Amino acid sequence: MARVAIVGAGVTKFGRSPKTGMELLAEASLDALMEAEMTPKDIQAIYVGNFIGELTERQAHMGPMAASALGIPGVPAVRVENACASGGTALRTAFRDVAAGYHDVALVAGTERVLQKSTAENTEYFATAGDAYYESAAGITFPGHYALVARAHMLKHGTTLEHLGHVAVKNHKHGAKNPKAQIQKEIAIEDAMKSAPVADPLRLYDCCPFSDGAAALLVVSEKVAKECDAPVWIAGSGQATEALDIADRPDPSRIRSTEWAAKQAYQQAKAEPKEIDVVEVHDCFTIAEVAALEGLGFFPAGKGGPAAMQGETYVGGRIPTNPSGGLKSKGHPIGATGVAQAAEIVNQLRGKSTNQVKGAEIGMTHNVGGSGGTAVVHIFRR
Amino acid sequence: MEFPLPNAKFVESLKGGRLMGLKCGQCGAYSGVPRGACLSCQSPKMQPAPLSGRGKVVTWTYVRVPPASHAEWKSYGVGVVELQEGARVFGLLQVEPEKVTPGMKVKAVPVPRGDGAVLGFVPDGA
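Presented here is a report on the structure given in the accompanying data block. (Residues numbered from 1 in each chain as written. Chains lettered and ligands numbered in written order. Predicted model: local features only at pLDDT ≥ 70, side-chain atom pairs only at ≥ 80, totals over all residues. Heavy atoms only, no water.)

A word on the side chain of A:Ser253. Residues and elements named next belong to chain A. For Ser253, the position within the fold is in the loop between strand S8 (232-241) and helix H10 (256-269). With a relative accessible area of 3%, Ser253 lands in the buried category. Within polar-contact distance, the side chain of Ser253 engages the side chain of Asp251 at 2.7 Å. The contacts of Ser253, once residues within four sequence positions are left out, are Val149, Ala152, His153, Lys156 and His157. (Helix = DSSP H or I, 4+ residues; strand = E, 2+ residues; numbered from the N terminus. Buried < 20%, exposed > 50% of the residue type's maximum accessible area, 1.4 Å probe, protein only. Polar contact = N/O pair within 3.5 Å; in protein donor to acceptor, adjacent residues only side chain to side chain. Contact = heavy atoms within 4.5 Å.)

Shown next, in the form of C-alpha cells:
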C-alpha cells in the first residue's frame, strides 16, 4: 500500500472556551497548516470528527462548514461520527482515502463544544453512545457503563480502587507538564481515594472532565511528505467493533474491539507490543486505561490494574502511557480526542513533546467509542 | 425480512409483566437484546420467545449523577443479569447498593416510565 504521513498538527487549549466548535476547529486547522508550511488552498479533502454537535450547539453538517471557515468551498468534506472515537475514525478514513490515491493532502479536524451545557444535560447527551432502547432508557450514564466494566474487572481479576486511583495520579502528573491540558495539576493518591462516588465503584477522580477543544492533522501522500520537514508515517491502522450493549458481551471486563483493532494495526505495521516506545490510550475512565493496556498487548488479560502503581506506565517506565495527561488530565473534547492523541504522538516522534519520551521512534494511539463499541488503533513511525 | 421483536412489542409485553426475548431457530441460543440475527451463529431465524425473567447479577453499578432525562430518579442501581436461559439483559436493580452481591438471584419486574416501562429486577424470593 502507498505510504501516508502526517506533516502538521495543531491542538487548541482544552477546557472551557467561549468559542464555538467551528471557531476552535479553524484555530487548530490553521496551526496545523502553519506547522506544515501550507495554506488552506493545499487542502484537497476534509474529515471532521464530532460527536454531539446537534445536541450541544444545534449544529450538524460540519464538513462543509469547515471548508467555508477555511475559505475553500469546493473541496469534498464529511463529518465522521463514531461517538468518542469520532476523531480516530476521521483519521483512519482520511488515511485510507490518501493511501488509495484519492487525495494528496487531507485535513483531519476534530472538535467539540459542550461546557455551555449543564452536567445533567451532557450526561444525557454522552449516553447516546449506548443503546437508547435497552440501556439508556434505564438511566445508565457513561460513568455507569465503565463502572460495569470496572466491577467485572475487580470481581474477575482482583483489580482494586487503589490501582485505579494510581492511573489518575499518573495521568495528572503527566498532564501537569502539558500547557494545553485542561487540568494542569498533580494529585495525590489520597485525593483520588477520597473523591465523591459518581457510579460505584468509580469516583470523580476516576472520570475525565467534560471539555471544549479542537485538534487538527494534515495527512498527506508520500509524494507530498517528501517535500515536508519531519514527516511522521502512519505505519498501521486498525478498527473494530465490540457488541454495543454490555449485556451482549461474554466477558464484560474485556473490550474485544481494542484487541481486534490492535491486531490489524500491528500486522500492517509489522510491529509487536514490545517495540512501541510511547502510547496514547483512551482513558475516559481509569478502568478504560487498564482495559486498553491489556487489549493492546502490553499486559496479559487481568494484569493491567497495578501498572501505574508499579510505575510501569510513567514516562521513564516500561511502556510510557498518556504522556499528554490523557483524557483524564488533558481533557476530552470528544470529537477532538482521537486527533489530539495523534498530534501528541507526532510531537513525541519529532522529539518536541512537552513531556518527551527520550528517543521515541514508534508510537501508538488508541481511541474508543462508547464503552468499547468502537476501537481505532494507529501505529506511527518517524 | 421483518424485525423479529420490535421495541414497541417488547415494551408492551413488559408492561403486562412478560419479559420477551428471542430464540435462534438454528442454534437454539436465547437473546435478551432483540436483534436481526443470532450473536452465536448469525442465523436470521430469530423467533420471539418468552423469557423466565429469573437470573443472577453479573455486574452492577449505582448511578449517583443521573442524566437530565432521569433527574427525578436521583440515584439508582443498574446492572447486567444472566437469565436462566443463558441470555443476558441490562436493567434497573431495585436493591440497596450495599446489598448487591455477585451472582445474587433476581427476578424481572416492569418499572413504569412515561407511557411505557423499563426492565427492572428485584431480589428473587423477596
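On we go from here.
Take the packing of aromatic side chains next. Applying the stated criterion to the full structure yields six aromatic pairs over all chains. The positively charged end of A:Arg318 is found above the aromatic ring belonging to A:Phe299, 4.7 Å away from the centroid. Lying over the aromatic face of B:Trp73, B:Arg113 brings its terminal NZ or CZ to 5.3 Å of the ring centre. (Phe/Tyr/Trp six-rings, centres within 6.5 Å; stacked < 30°, edge-to-face > 60°. Lys NZ or Arg CZ within 6 Å of the ring centre and 35° of its normal.)

Time to look at the nonpolar core. Residue and element names in this part refer to chain A. Within the largest apolar cluster, 98 residues are counted, with the highest numbers of intra-cluster contacts made by Tyr146, Tyr266, Ile276, Leu296, Phe298, Met364 and Ile379. Ranked by residue count, the leading element in this core is helix H6 (residues 142-157), at seven residues. In this structure, Tyr146 is in contact with Leu202, Ile255, Cys284, Phe285, Ile287, Ala288, Val368, Gly370, Ser371 and Gly372, ignoring residues within four places of it in sequence. Judged by nonpolar contacts, the second largest core, of 33 residues, contains Val11, Leu91, Phe95 and Ala343. (Core = buried A, V, L, I, M, F, W, Y, C linked by side-chain atoms within 4.5 Å.)

What follows covers the sheet that holds strand S2 (residues 30-31) of chain B. All names here are of chain B. Read across the sheet, three strands follow the order S2-S1-S3 without closing on themselves; strand pairing throughout is antiparallel. Because the sheet does not close on itself, it has two edges, and the strands there are S2 and strand S3 (46-50). Note that strand S1 (residues 20-24) and S3 share five bridges and pair antiparallel. Paired with Leu22 across the bridge in S3 is Pro48. (Pairing = 2+ DSSP bridges.)

Residues and elements named next belong to chain A. Most of S8 is tucked away: eight of the ten residues are buried. Here two bridges tie strand S1 (residues 4-11) to S8, and the two strands are oriented antiparallel to one another. When the sheet's bridge partners are listed, Ala5 is paired in S8 with Trp233.

The subject of this paragraph is helix H4 (residues 86-99) of chain A. Residues and elements named next belong to chain A. The first and last C-alpha atoms of H4 sit 20 Å apart over 14 residues, in line with the 20 Å expected at 1.5 Å per residue. Counting buried residues along H4, twelve of its 14 residues qualify, which places the element largely inside the surrounding structure. For H4, every residue scored as buried is listed here: Ser86, Gly87, Gly88, Thr89, Ala90, Leu91, Arg92, Thr93, Ala94, Phe95, Val98 and Ala99. Positive phi shows up at Gly101, right after H4, with a value of about 90°. (Expected span 1.5 Å × (residues − 1).)

Our focus in this paragraph is the environment of A:Glu112. Residues and elements named next belong to chain A. Take Glu112: it is sitting in strand S4 (residues 105-112). A residue is classified by how much of its surface remains accessible, and Glu112, at 1% relative accessible area, is buried. A sequence separation of 220 residues divides Glu112 from His332, and the C-alpha atoms of the two residues are 8.8 Å apart. Within the local environment of Glu112, its side chain forms a polar contact with the backbone nitrogen of Phe51, the two atoms lying 2.9 Å apart. Of the polar contacts made by the side chain of Glu112, one reaches the backbone nitrogen of Ile52; its length is 2.9 Å.

Okay, the interface of chain A and chain B next. In this complex, chain A contributes 32 residues to the contact, which on the side of chain B involves 32 residues. Contact between chain A and chain B buries roughly 2,600 Å² in total, counting both sides, with carbon and sulfur atoms accounting for 63%. A salt bridge links A:Asp248 to B:Arg35; its shortest N-O distance comes to 2.3 Å. The interface formed by chain A and chain B includes 15 residue pairs in polar contact (both at pLDDT 80 or more). When contributions to the side of chain A that touches chain B are tallied by element, the ones reaching two or more residues are helix H5 (119-126), H6 and strand S5 (197-199) of chain A. No other element matches H6(A), which puts six residues into the side of chain A that touches chain B. Here the residues of the side of chain A that touches chain B are counted per class, giving 17 nonpolar, six polar and nine charged. (Buried area = accessible area lost by both parts, 1.4 Å probe. Salt bridge = Lys/Arg side-chain N within 4 Å of Asp/Glu carboxyl O. Nonpolar A, V, L, I, M, F, W, Y, C, P; charged D, E, K, R; others polar.)

Fair warning: the whole summary comes from geometry, so function is off the table for now.
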